[in-house]
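# Summary of the model geometry
Spelled out from the first residue to the last, the chains are:
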Amino acid sequence: MEGWNKIASSLANINVGQAGTKFTKGFSSSVQATRERFGQIAPEDITELPQEYKDLEERVDALRAAHISLLKITKVYETETYDYPVQIQESISELSSSIGYNITNFAANNLKGTNLPVPTSPTQPPAHPHKTLPHALARAATSAATAVVGPGAAPNESGDKLGKALALYANGWDRVAAARLDQDDAIATNFLAPWQQTLNTSISLAMKARQAVRVSRLELDAAKQTLKNANPSKQEHARLEVENAEDDLVQKTEVAITLMKTVLENPEPIKNLNELVKAQLLFFSSATEALSSVQGEIEELSVAAEGEYSHFISRKSQPRVAMLDQLSIFPATNAQAVESRKRSYEEWGKKRGHPFEDYIDVPNTMGGFEIAADGRWTTWVLAPRNDPETIDFMCSCETLRREAFVLRRTSSGEFTAEEQVGYGIASVYTPSEKRGKGYAKHMVSLLHWVLAPASSFPSGFPEAWGQPPAVPESFGSGIVSVLYSDVGSDFYKASGPAPGVDGWTVDPYTATNWDVAAILERTKDDARKDRWTMLTKEQTKDWWNRDSELILREAPSKPQSPTSTAFTFLPRKGVAEFLQRRIEWFVNRMERPPPYYGALLSSPSPSDGGPNSDAFASWAFELYDGSPKTLLVTRLRCPQEGLLHSMLGCVAEYANGFGIERIQVWNLPGELKAAGEEIGGTTVHPEDHLPSVKWYGGDPNAEWLYNEK
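This one's a predicted model, so the numbers in the text were calculated from it and none came from an experiment.

Rules and cut-offs
- Residues numbered from 1 in each chain as written.
- Predicted model: local features only at pLDDT ≥ 70, side-chain atom pairs only at ≥ 80, totals over all residues.
- Heavy atoms only, no water.
- Axes fitted to C-alpha atoms, helices over the stretch in contact; angles between N-to-C directions.
- Helix = DSSP H or I, 4+ residues; strand = E, 2+ residues; numbered from the N terminus.
- Parallel < 35°, antiparallel > 145°, perpendicular 65-115°, else oblique.
- Left-handed = near helix turned anticlockwise from the far one by under 90°.
- Nonpolar A, V, L, I, M, F, W, Y, C, P; charged D, E, K, R; others polar.
- Pairing = 2+ DSSP bridges.
- Contact = heavy atoms within 4.5 Å.
- Phe/Tyr/Trp six-rings, centres within 6.5 Å; stacked < 30°, edge-to-face > 60°.
- Buried < 20%, exposed > 50% of the residue type's maximum accessible area, 1.4 Å probe, protein only.
- Lys NZ or Arg CZ within 6 Å of the ring centre and 35° of its normal.
- pLDDT = per-residue confidence, 0-100.
- Salt bridge = Lys/Arg side-chain N within 4 Å of Asp/Glu carboxyl O.
- Expected span 1.5 Å × (residues − 1).
- Polar contact = N/O pair within 3.5 Å; in protein donor to acceptor, adjacent residues only side chain to side chain.
- Core = buried A, V, L, I, M, F, W, Y, C linked by side-chain atoms within 4.5 Å.
- Patch = residues over 30% accessible without salt bridge, like charges linked within 9 Å, V, L, I, M, F, W, Y side chains within 5 Å.
- Areas by Shrake-Rupley, 256 points an atom, 1.4 Å probe, with all protein chains shown as cover.
- Lys, Arg positive; Asp, Glu negative; His and termini not counted.
- Charge placed at Lys NZ, Arg CZ, Asp CG, Glu CD.

### Looking at the packing of helix α6 (residues 161-229) against helix α7 (residues 232-265)
Between α6 and α7, the shortest axis-to-axis distance is 8 Å and the interhelical angle comes to 160°. Accordingly, the angle class assigned to the pair α6 and α7 is roughly antiparallel. Classified by chirality, the crossing of α7 by α6 is left-handed. Partitioning the contact of α6 with α7 into residue classes produces 17 nonpolar, four polar and nine charged.

Structural data, given as structure tokens:
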């Protein structure tokens, strides 16, 4: 009887009416959904949700799909073996080793005191190596190196080049493997966990709120159908049900909208994605650094090994790849200089429509350029030591001696000035049949030793390269050399005066571009454009000489970086003229060649900086097929921000008359950038023609002033 009373008491606590109502609503919603699915409900009888809600639904669906899509791929970072080729076979081997260890350990601990033989207890469980492709490559290379040099020998100390190369390779991949594990840990912690959490919490909550809206909408439409078909006696009750359902739908829709907006505005996914990119970038940067550090050494071993092999095959014939110590750098004979240009004509001259005879320059005077006068221009070749004048040299390059103006910071913080010698390096070229053998890298590495004093290098001349090159008269005193790399930043940086010593490092630059038509539109009412006087080539040359003197006076106040040294090249003696002269042939092909190459501010007012403001610009043209016709400002002196608009307006009017589409300035001074942007200037960081510097002056580096191409 007492048990029955408990059951009765429990039943009394159940709200049968409320439970019945919920069941009825759920049943009605299911019926409504089924009828809608089979097209038994007219479209006008289906409640239309707010457009804002529907738009948010689409965006949340897209966000959820993006999370799921990326998660499917990036989940592999949780599994160490995702790039491991033989994990199944090694897993079986490891399982066997583990079982053997456990059995031996059990027997050693439990057979003591019995008549059965007791095995020796293992000292430690078998090691479980990491199962990643970098680890596998490192282990395989280490084993291969040991096998090649023989047991007991250290690969790095043996004379076997393959053993050394394999050991270097293994060392590089060991570093990559460590970076790979760090990457996976970082991605799992900083990306996968929070990315999954967003999917499981905020997005999931928004999806549940949307489901609640759907159910509420179905209940409302079902209540409307009930009201539509209700008897008069039940219409009042049905109307109240419709009102309650409408209130419920409004409330749940507002809640869902709030939750969906919160999800969409949440910054966490972007932060998580940033962490993914950071981890991957760090890994690839570490991998690049690790492999780059050993690639140069392996390449030298490769060249040396191939040279030895060729020498072994035939001592009488020229080896297919000469050993580095059999080669050196020499000033080219006239015949070699012409041959160097013949080799590069197809790739550099013919593609740009340059006449063959003009390009190869048989007189070897560089067309009479001032920059080539007085021995300032030299062609170099990498050739066998026993045949330095051969036409079958390996590769070639050119150097242009320049005036370098050097500033050194004193103990008082001021800069003192001195004139030194600097060099520009150009036209590094290896014919296709001699590429891939390390010749170009070896040539420019040797070039350091003829341009700069030997005392400027941290170590002596590498023994593996044989004897140092002979230093011709007037060379060997350079304090800096520069080049413009079109093969990225790594090749020339790795081409130092000795293995492991940096060569030329990139000095990043900016290029600001203006569309000529846009400048004309934005400066059409600027009356100051008429205050600029156009300059011919000869007049421009006179102003470069004056500008050089101005640079000498003002440069000590220009250094911006915390380094203790700075340098610049002066535009006189053909340096600035070179950019104009090298495209003369293209300009002369024009129906009406442009007569002016510079502009000077006439009668400067006090607002322009006074009568001695010396506002001045010079330029050259780039008229290559397939590229925008460009007026390239090679020297800009603009003492007042307000002068930039009128100067560009004047130059744009002139350039437009010759079909020039774009004006470009390198490294526009910071005080002029805002003015440049006002008339449509856009600034980019180009990845080609990279200015690169090798400083020989003792300090770690030096700031390059006036780097305006």
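Picking up where we left off.
### Some points on the sheet that holds strand β12 (residues 630-637)
With mixed pairing, seven strands are arranged side by side in an open sheet as β8-β10-β11-β12-β13-β7-β14. The open sheet has two edge strands, β8 (532-535) and β14 (682-684), and neither has a second partner. Each neighbouring strand pair of the sheet contributes to a mean axis angle of 25°, computed without reference to strand direction. With four bridges joining them, β12 and strand β13 (residues 662-666) adopt parallel strand pairing. Bridge pairing in β13 places Leu631 opposite Ile663. Strand contacts of helix α17 (residues 643-656): β7 (511-515), β8, β10 (598-601), β11 (616-622), β12 and β13, with the helix running at about 45° to β8, the strand carrying the most contacts.

### Notes on the packing of aromatic side chains
Using the criterion set out here, one finds 28 aromatic pairs in the structure. Considering the side-chain rings of Trp449 and Phe461, the 5.2 Å spacing of their centres and the 80° angle between planes classify their relative orientation as edge-to-face. Of this pair, Trp449 sits in helix α11 (residues 439-451) while Phe461 sits in the loop between α11 and β5 (478-485), placing them twelve residues apart in sequence. On the basis of relative accessibility, which here comes to 17%, the residue Phe461 falls in the buried class. Ring plane angle 55° and centroid distance 6.0 Å describe the contact between Tyr484 and Trp666, whose orientation is recorded as tilted. Of this pair, Tyr484 sits in strand β5 while Trp666 sits in strand β13; the two residues are 182 residues apart in sequence, bridging distant segments of the chain. By relative accessible area, Tyr484 is classed as partly exposed at 22%. For Trp666, a relative accessible area of 2% gives the class buried. An aromatic cluster is built from Tyr484, Tyr509, Phe567, Phe569, Trp666, Trp695 and Trp704, whose rings are joined through pairwise contacts. Over the ring of Phe393 we find Arg343; its NZ or CZ atom is 3.8 Å from the centre of that ring. Here the guanidinium or amino end of Arg402 rests over the ring plane of Phe569, the centre of that ring lying 4.9 Å away.

### Structural notes on the confidence of the model for the protein chain
When pLDDT is averaged along the protein chain, the result is 84; 84% of the residues meet or exceed 70. Under a pLDDT of 50 for its full length, residues 314-321 has, in the predicted model, 15 contacts with residues more than four places off or in other chains. Contacts from residues 608-612, a stretch scored under 50 in pLDDT, to residues over four places away or in other chains number ten contacts.

### A closer look at the pattern of salt bridges
Throughout the structure, instances matching the rule amount to 31 salt bridges. Where Lys434 meets Asp392, a salt bridge forms, and the shortest distance between an N and an O atom there is 3.2 Å. Of this pair, Lys434 sits in the loop between β4 (415-429) and α11 while Asp392 sits in the loop between β2 (377-384) and β3 (395-409), and the two are 42 residues apart along the sequence. On the basis of relative accessibility, which here comes to 14%, the residue Lys434 falls in the buried class. Residues participating in the shared-partner salt-bridge network are Asp547, Glu554, Arg635, Arg637 and Glu708.

### Re unusual backbone geometry
You will see that Lys573, though not glycine, has its phi angle at about 55°, which is positive. Structurally, Lys573 is set in the loop between β9 (565-569) and α15 (575-581). Exposure remark for Lys573: the relative accessible area of 39% places this residue in the partly exposed category. Backbone geometry places His689, a non-glycine residue, at a positive phi of 50°. Residue position: His689 is located in the loop between β14 and β15 (690-695).

### With respect to α7
Here α7 spans 49 Å end to end across 34 residues, near enough to the 50 Å set by a 1.5 Å rise per residue. Taken together, the buried positions of α7 are Ala238, Val242, Ala245, Leu249, Thr253, Ala256, Ile257, Met260 and Val263.

### Focus: helix α14 (residues 537-554)
Along an α-helix, residues three or four apart share an orientation, since each turn contains 3.6 residues. Between the first and last C-alpha of α14 there are 25 Å, a value that for 18 residues agrees with the 26 Å anticipated at 1.5 Å per step. Restricting attention to buried positions, one finds in α14 the residues Thr540, Trp543, Trp544, Asp547, Ser548, Leu550, Ile551 and Leu552.

### So, the side chain of Thr630
Among the secondary structure elements, Thr630 is positioned in strand β12. The buried category is assigned to Thr630, whose relative accessible area is 1%. A polar side-chain atom of Thr630 sits 3.1 Å from a polar atom in the side chain of Arg662. Once residues lying within four places of it in the same chain are set aside, the contact partners of Thr630 are Ala620, Phe621, Glu622, Ile660, Arg662 and Gln664.

### Focus: the nonpolar core
Membership of the largest hydrophobic core comes to 38 residues, with the highest contact counts inside it found for Trp619, Phe621, Leu631, Leu636 and Ile663. Top element by residues in this core is α17. It accounts for nine residues. Excluding residues within four positions of it along the chain, Leu636 makes contact with Phe616, Ala617, Leu644, Met647, Val665, Leu668, Leu672 and Glu708. Listed in part, the 30 residues of the second largest apolar core include Ile425, Ala440, Met443 and Val444.

### Here we look at the environment of Asp325
Within the fold, Asp325 resides in the loop between α8 (268-313) and β1 (327-331). A residue is classified by how much of its surface remains accessible, and Asp325, at 31% relative accessible area, is partly exposed. As a C-alpha pair, Asp325 and Glu463 span 138 residues in sequence and 8.3 Å in three-dimensional space. Excluding anything up to four places from it in sequence, Asp325 contacts Arg385, Ala464, Trp465 and Gly466.

### Some remarks on a negative patch on the surface
On the surface, Glu641, Glu671, Glu677 and Glu678 cluster together to form a negatively charged patch. Structurally, the position occupied by Glu678 is in helix α18 (residues 670-678).

### What to know about the pairing of β2
For β2, the buried fraction is high: eight of the eight residues fall into the buried class. Of the strand pairs in this sheet, β1 and β2 are connected by five bridges, and their pairing is antiparallel. Within the sheet, the bridge partner assigned to Ile329 lies in β2 and is Leu382. Relative to β3, β2 runs antiparallel, the two sharing six bridges. When the bridges of β3 are listed, Val381 appears paired with Ser396.

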